[in-house]
Amino acid sequence: MRPAQLSTILDREFLSAQEGHHTPVMLWGPPGVGKSQIIAQVAARHSVPMIDIRLSQMEPTDLRGIPFRIEDRVEWAIPSMLPDAKKHGPQGILFLDEITSAPPSVSAAAYQLILDRRLGAYQIPEGWAIFAAGNRQGDRGVTYTMPAPLANRFSHFEVEANLDDWVAWAYANNIDERLIGFLRFRPELLFDFDPAHNPVAFPSPRSWEFSHRALQKFGDHPELLLPTLQACVGPAAGLELNAFIENLDRMPNLDAILRGEEVAVPREIDLQYAVASALVGRAIRAKGSTEARNIYGHILDYASRFPLKEMGIMLVSDMHRAIGQNLFDVPQFSKWANAVADLMLYEM
């Protein structure tokens, strides 16, 4: 399932915890696809704490607590990491990460916590949602088969890498536009993991974020940029990205496009993707300024000049996701929409 769809599901599951309809959710997926980040974003959107418990690093007593004697009976000391309404707040997310890497003795200790929302005398506050994530057995990670009693305590979703969702996230998080343009040009490289070869570095949504950081740190050191990119996403993808970036010195003048001047569209497809991504970035930076309306209009004019109408549709779709409904108020939008009406098979 797409990350955007899963975000909606997790939002509703979080809110349902207060209404008594919450079902614990298990996210499956290969390494680097963004499982943990999707859950962290839910907590951030609702401004609630997220307690991240790595079950793979625990012993059964870490969850159950330590026994101690009071007169002629034994009580259990509740672990301080578990959600507490007074300490952590009445609402939040209990995130059981790497649950498929936990040994059976630990996962067995989590049964009651997940289904009954309690361990002995301890009870999870009503406003807290329970989410979990783990790798699949075929992904060559350290995994155990999830026992049927534990699996039956979750609703299960598999996370898929999706370029449109990643691009929307990338623009919202100021990821380098050159990187966005490259992945628009080479979408199959967003996630390219073959567990049979067990690579150390490979393309994934997580490792492309690492590449963004490498571009910021080593972009002014050409002799270091290639090896640092390859260290993030692997030899082949790093080499392609580096070549793509080196070719960008033939990009048209973006400032002239934003001023409304007649600027030719480059014939090379990779440069067209780069221009489109860069213009979306400029539109985002103009948001809220007095010149925003004019800039949006000039970008729409340029979008209509692409030889492939699909390229212009991609540009405008990304821009709409980034800046919202204000795009529809720009006079040039109607003109552009009429020009591509026969291909408008996308959601705006």
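Residues numbered from 1 in each chain as written. Predicted model: local features only at pLDDT ≥ 70, side-chain atom pairs only at ≥ 80, totals over all residues. Heavy atoms only, no water.

S.K.: Help me understand the overall build of the protein in this model?
M.R.: Along the backbone of the protein there are 17 helices and nine strands. A burial count over the protein gives 50% of its 348 residues as buried. By element, 52% of the accessible surface of the protein is carried by carbon and sulfur atoms, the whole surface being about 17200 Å². Of the charged side chains in the protein, 32 are positive and 42 negative, and the gap between their average positions amounts to 3 Å. (Helix = DSSP H or I, 4+ residues; strand = E, 2+ residues; numbered from the N terminus. Buried < 20%, exposed > 50% of the residue type's maximum accessible area, 1.4 Å probe, protein only. Areas by Shrake-Rupley, 256 points an atom, 1.4 Å probe, with all protein chains shown as cover. Lys, Arg positive; Asp, Glu negative; His and termini not counted. Charge placed at Lys NZ, Arg CZ, Asp CG, Glu CD.)

S.K.: What is the right way to read the nonpolar core from this model?
M.R.: Across soluble globular proteins, nonpolar side chains show a tendency to be buried alongside one another. Counting 62 residues, the largest nonpolar core has Trp 166, Trp 208, Leu 279 and Trp 336 as the members making the most contacts within it. When residues in this core are grouped by element, the largest group, 10 residues, is from helix 14 (residues 269–286). With sequence-adjacent residues up to four places away left out, Trp 166 is seen in contact with Ile 175, Leu 179, Ile 180, Leu 183, Leu 190, Pro 205 and Trp 208. Listed in part, the 28 residues of the second largest apolar core include Met 26, Leu 96, Ala 109 and Ala 132. (Core = buried A, V, L, I, M, F, W, Y, C linked by side-chain atoms within 4.5 Å. Contact = heavy atoms within 4.5 Å.)

S.K.: Looking at this structure, how should I read helix 16 (residues 309–323)?
M.R.: Turn by turn, an α-helix covers 3.6 residues, leaving residues three or four places apart pointing in a common direction. Here helix 16 is 15 residues long and its end C-alpha atoms lie 21 Å apart, about the 21 Å a rise of 1.5 Å per residue gives. Across the 15 residues of helix 16, 11 count as buried, placing the element largely inside the fold. All of the buried residues in helix 16 are Met 311, Gly 312, Ile 313, Met 314, Leu 315, Val 316, Ser 317, Asp 318, Met 319, His 320 and Ile 323. Check the buried side of helix 16 and you find it contacts helix 8 (163–172), helix 9 (177–185), helix 14, helix 15 (292–303) and helix 17 (331–339). (Expected span 1.5 Å × (residues − 1).)

S.K.: Would you take a moment to explain the environment of Leu 96 for this structure?
M.R.: Relative to the helices and strands, Leu 96 is located in strand 5 (residues 91–97). Considered as a pair, Leu 96 and Ile 53 are 43 residues apart in the sequence and their alpha carbons are 5.1 Å apart. What Leu 96 contacts, discounting residues up to four positions off in sequence, is Ile 53, Leu 55, Ile 114, Ile 130, Phe 131, Ala 132 and Ala 133.

S.K.: Even after reading the chapter, I still don't get the pairing of strand 8 (residues 127–134), so can you show me in this structure?
M.R.: Consecutive side chains of a regular strand alternate in pointing toward one face of the sheet and then the other. Of all eight residues in strand 8, eight are buried, a share of seventy percent or more. Of the two faces of strand 8, the one holding Gly 127, Ala 129, Phe 131 and Ala 133 and the one holding Trp 128, Ile 130, Ala 132 and Gly 134 are both buried throughout. Sheet topology places strand 1 (residues 25–28) next to strand 8; four bridges connect them, and they run parallel. Counted as the bridge partner of Met 26 is Ala 132 from strand 8. Pairing of strand 5 with strand 8, which is carried by six bridges, proceeds in the parallel orientation. Each residue of the ladder has a partner; that of Leu 94, found in strand 8, is Ile 130. (Pairing = 2+ DSSP bridges.)

S.K.: Before we go on, may I ask you to explain the environment of Leu 327 in this structure?
M.R.: Structurally, Leu 327 can be placed in the loop between helix 16 and helix 17. Each C-alpha atom of the pair Leu 327 and Tyr 296 lies 7.1 Å from the other, and the pair is 31 residues apart in sequence. Not counting the four nearest positions on each side in its chain, Leu 327 is found in contact with Tyr 296, Leu 300, Val 316, Met 319, His 320 and Phe 333.

S.K.: I tried to follow the pattern of salt bridges on my own but got confused; where do I start?
M.R.: If charged atoms from side chains of opposite charge come close, those side chains can pair. A full pass over the atoms with the stated rule returns 18 salt bridges. Between Asp 11 and Arg 45 there is a salt bridge, with the nearest N and O atoms lying 3.2 Å from each other. Note that Asp 11 is positioned in helix 1 (residues 3–16) and Arg 45 in helix 2 (residues 35–45), a separation of 34 residues in sequence. The exposure class of Asp 11 is buried, given its relative accessible area of 18%. Salt-bridge contacts for Arg 321 lead to Asp 164; the nearest nitrogen and oxygen are separated by 4.0 Å. With Arg 321 in helix 16 and Asp 164 in helix 8, the pair connects residues that are 157 residues apart, well separated along the chain. According to the relative accessible area criterion, Asp 164 is partly exposed, its value standing at 26%. (Salt bridge = Lys/Arg side-chain N within 4 Å of Asp/Glu carboxyl O.)

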